[in-house]
Number of protein chains: 2
Amino acid sequence: MPLEMTPSQALGLWHAVSLSQVRSEAHDLTLRQMAILLQIYLVPPPHTVRGLAATLNVTKPVITRALDTMGAMGLVDRVRDDKDRRNVIIKRTVAGALYLEKLGDVVIAEARQLPY
Amino acid sequence: MPLEMTPSQALGLWHAVSLSQVRSEAHDLTLRQMAILLQIYLVPPPHTVRGLAATLNVTKPVITRALDTMGAMGLVDRVRDDKDRRNVIIKRTVAGALYLEKLGDVVIAEARQLPY
DNA sequence: CCACAATGATACGGAGCCGAAACGTTCACG
DNA sequence: CGTGAACGTTTCGGCTCCGTATCATTGTGG
């Protein structure tokens with residue numbers, strides 16, 4: 001069965017999680033970076049710069065730069081495609097999976113504490 | 001009864017909403033700005049710069065600048081407190097309420113479309 | 001072969017946000 | 001009064017991100 005929420009619950013959840021992120025995180029990701037990261041980890045591979053740019057409706061440099069930043073954080077990895085060496089395949093990392101796992105935990109915890 | 005979610009649902013929801021925000025919104029708010037806006041609209045007034053800074057665990061200039069930006073968008077308003085003219089009371093606006101109402105709709109819609 | 005398309009990365013100027021520090025105004029109180 | 005504290009704002013230099021345009025590399029088709 002689908003997940004049903006009231007408007008109060010929806011905004012309350014967004015509020016609680018955003019607040020938690022702002023309070024705790026020193027280096028928080030941009031909304032775009034977060035969307036890219038979630039896309040990489042929740043949608044079946046392969047992921048390419050071009051594909052992500054099309055999916056998110058942004059330009060390619062946005063993806064390249066986001067991958068630079070998140071790559072430096074160890075959240076994602078890049079590998080050249082040997083079948084077509086123009087492509088770059090974006091790979092998941094343990095650190096990235098752990099990062100999103102923690103995010104999921106926060107969402108679940110805040111949802112549970114929501115007033116009815 | 002509290003809102004119960006699986007890890008897959010939690011991340012899937014965050015993914016869907018983030019994606020929706022990135023795709024649609026030309027001028028998207030920072031995570032901090034979003035947290036401030038939600039705090040203003042979901043927590044009973046009055047709201048002050050100092051109070052918001054303490055709640056979000058950020059410095060005062062962060063709040064001032066966020067209010068500048070969101071004020072220019074019409075999402076919030078500022079009024080001097082006549083009881084203590086050092087204070088600035090942050091006021092809600094119709095545009096701000098509408099903005100968050102739409103956000104809530106997106107969250108609810110995406111939650112309903114989530115795979116089980 | 002060779003011109004052309006496709007892919008991702010880079011250069012560049014511009015804009016926004018950041019933290020730390022200093023500032024102007026307003027209040028409290030001796 | 002007048003000294004100091006409280007509050008919000010502004011200033012400053014620095015960093016990151018942005019969009020456009022351009023680039024190097026690699027594949028494709030005549």
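Scroll up to find the structure.
Residues numbered from 1 in each chain as written. Chains lettered and ligands numbered in written order. Predicted model: local features only at pLDDT ≥ 70, side-chain atom pairs only at ≥ 80, totals over all residues. Heavy atoms only, no water.

S.K.: What is the right way to read the overall build of chain A from this model?
M.R.: In terms of regular secondary structure, chain A is built from five helices and two strands. For chain A, the spread of C-alpha atoms along the principal axes amounts to about 55 × 35 × 25 Å. Expressed as a percentage of its 116 residues, the buried residues of chain A come to 47%. Contacts spanning at least 24 positions in sequence make up 56% of the contacts within chain A whose residues lie at least 6 apart. When the accessible surface of chain A is totalled, it reaches about 6,300 Å², and 55% of it is carbon and sulfur. For chain A, the separation between the mean place of its 14 positive charges and that of its 11 negative charges on side chains is 8 Å. (Helix = DSSP H or I, 4+ residues; strand = E, 2+ residues; numbered from the N terminus. Buried < 20%, exposed > 50% of the residue type's maximum accessible area, 1.4 Å probe, protein only. Contact = heavy atoms within 4.5 Å. Areas by Shrake-Rupley, 256 points an atom, 1.4 Å probe, with all protein chains shown as cover. Lys, Arg positive; Asp, Glu negative; His and termini not counted. Charge placed at Lys NZ, Arg CZ, Asp CG, Glu CD.)

S.K.: Mind showing me how you'd approach the protein's contact with DNA strand D here?
M.R.: Every one of the 21 residues lining DNA strand D counts as a neighbour, but A:R85, B:R50, B:K60, B:T64 and B:R78 are closest to it. A share of 69% of the atoms of DNA strand D within 4 Å of the protein falls on sugar and phosphate groups. In this structure, A:Q33 approaches DNA strand D through a side-chain N or O atom, which is 2.9 Å from a phosphate oxygen. Within the side chain of A:R65, an N or O atom sits 3.0 Å from a base oxygen of DNA strand D. Where the surface near DNA strand D is concerned, the elements lending two or more residues are helix 2 (31-42) and helix 4 (60-72) of chain A together with helix 3 (49-56) and helix 4 (60-72) of chain B. Residue composition of the surface near DNA strand D, by class: five nonpolar, six polar and 10 charged. (Near = heavy atom within 4 Å. Polar contact = N/O pair within 3.5 Å; in protein donor to acceptor, adjacent residues only side chain to side chain. Nonpolar A, V, L, I, M, F, W, Y, C, P; charged D, E, K, R; others polar.)

S.K.: What is the right way to read the interface of chain A and chain B from this model?
M.R.: The figure often quoted for interface size is the accessible area lost as the parts come together. Each partner contributes to the interface: chain A provides 42 residues, whereas chain B provides 42 residues. Interface area for chain A against chain B, summed over the two sides, is near 4,100 Å², with a carbon-plus-sulfur share of 75%. It is A:L3, A:L11 and A:W14 that lose the most area in chain A upon contact with chain B, and together they represent 20% of the buried surface on that side. At the boundary of chain A and chain B, one finds two salt bridges. Here A:R112 ties to B:E4 by a salt bridge, and the two come within 3.8 Å at their closest N and O atoms. Mapped by element, the contributors of at least two residues to the side of chain A that touches chain B are helix 1 (7-24), helix 2, helix 3 (49-56) and helix 5 (94-113) of chain A. (Buried area = accessible area lost by both parts, 1.4 Å probe. Salt bridge = Lys/Arg side-chain N within 4 Å of Asp/Glu carboxyl O.)

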